[in-house]
Amino acid sequence: MTEFAKMSGFTEVSPNYFTLNKDSPKAKLIAEAFQWYSPKFSPKDVPRFYDVSSLTEKPEVFSTMTNVIADRYRALPKDQQPTHIIGYDARGFIIGAPLAVALGLPFVLLRKAEKSPGLLVKSDPYAKEYTEKAPDTMVIRQGAIDSTSRVVLIDDLIATGGTAVSGFQLVEALGAKVVEFCACIGIPFLDGVARIHAYQDGKFKNVPIFTLIHDSQVKDENCGDPKEWDSNKSRVIEASNMQSM
Ligand code: AMP
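Owing to the predicted nature of the structure, the values given are computational and were not obtained by experimental measurement.

Caption draft 1: Structural detail: unusual backbone geometry. Look at the link from Asp-89 to Ala-90: it is a cis peptide, with omega at 0°. Turning to its location among the elements, Ala-90 is positioned in the loop between strand 5 (84-88) and helix 5 (91-103). One non-glycine residue with positive phi stands out, namely Glu-114, at about 55°. Take Glu-114: it is sitting in the loop between strand 6 (107-112) and strand 7 (120-122). Although it is not a glycine, Gln-200 adopts a positive phi angle of roughly 45°. With respect to the helices, strands and loops of the structure, Gln-200 is situated in helix 7 (residues 192-202).

Next up, the structure:
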């Protein structure tokens, strides 16, 4: 039995896939705070766009999330605890940075499209739940981690797992080990966990995936779409036009 499987407060929903116990007050707090938007009011064409700012704009929820995740890694035996937190561009930065501060660990950025300075290592192109103009690649700075590093990979959401896999590939390329992949919310129907575990003949099949909650815990009533909005109008208002509204 792995250390994560022994921890109380979590459910192993499928092999090496954990969530917070769904009836726990903390899971309910997060699920009740999480807002989603329909395609009409979203930057991407997905049935429900989950808005991480609905969590970060509520200090009690943001700190609960950070503490739950930090306590999970503090509970590991010392020699299994992460040495680095790695966040995915861009919403993984929001969750990962306070986690790294809470744990007193370095926070490493995985950035899209070679936006970082220095010597970089680039992932294979990857696809996501929604289509971009061109497939993204992710980069990490050479030397940010090495063969002595144990990392937690962190993002806001896991859907198809394409983004997640790019991080696994980069961590492996630099010789480090993934302790766990962590996200606020998972969409199990899109099979992201299976994709990570099946990647390259299952080389990461023993790496645990942890999401605080599942999408099914977020109710239809949490839709953030404005009720009174003329659907012919753009959802984006020019600041210079605000005075006349
Ligand atoms: P995927 O690679 O398909 O697992 O998609 C995960 C990445 O895309 C994460 O970095 C998310 O920020 C973003 N993403 C995908 N689907 C959604 C969604 N329904 N709501 C919000 N973000 C999403």
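From this point, things continue past the structure.
Caption draft 2: Spatial organisation of the site of the ligand. Taken together, 19 residues are adjacent to the ligand, and Glu-129, Ala-159, Thr-160, Gly-162 and Thr-163 come closest. For the shell around the ligand, the elements supplying multiple residues, two or more each, are strand 4 (49-51), strand 9 (150-158) and helix 6 (162-173). Of all the elements, strand 9 adds the most residues to the shell around the ligand, at 4 residues. Broken down by class, the residue content of the shell around the ligand amounts to 8 nonpolar, 5 polar and 6 charged.

Caption draft 3: Broad picture of the packing of helix 2 (residues 25-33) against helix 4 (residues 59-74). At their nearest, the axes of helix 2 and helix 4 sit 10 Å apart, and the two run at 135° to each other. The angle between helix 2 and helix 4 falls in the class oblique. Note on packing geometry: the crossing formed by helix 2 with helix 4 is left-handed. Facing Lys-26, Leu-29, Ile-30 and Ala-33 of helix 2, the residues of helix 4 in contact are Val-61, Thr-64, Met-65 and Val-68. Across the contact of helix 2 with helix 4, the residue classes break down as 6 nonpolar, 1 polar and 1 charged.

Rules of the game
Residues numbered from 1 in each chain as written. Predicted model: local features only at pLDDT ≥ 70, side-chain atom pairs only at ≥ 80, totals over all residues. Helix = DSSP H or I, 4+ residues; strand = E, 2+ residues; numbered from the N terminus. Near = placed C-beta within 6 Å. Nonpolar A, V, L, I, M, F, W, Y, C, P; charged D, E, K, R; others polar. Axes fitted to C-alpha atoms, helices over the stretch in contact; angles between N-to-C directions. Parallel < 35°, antiparallel > 145°, perpendicular 65-115°, else oblique. Left-handed = near helix turned anticlockwise from the far one by under 90°. Contact = placed C-beta atoms within 7 Å.

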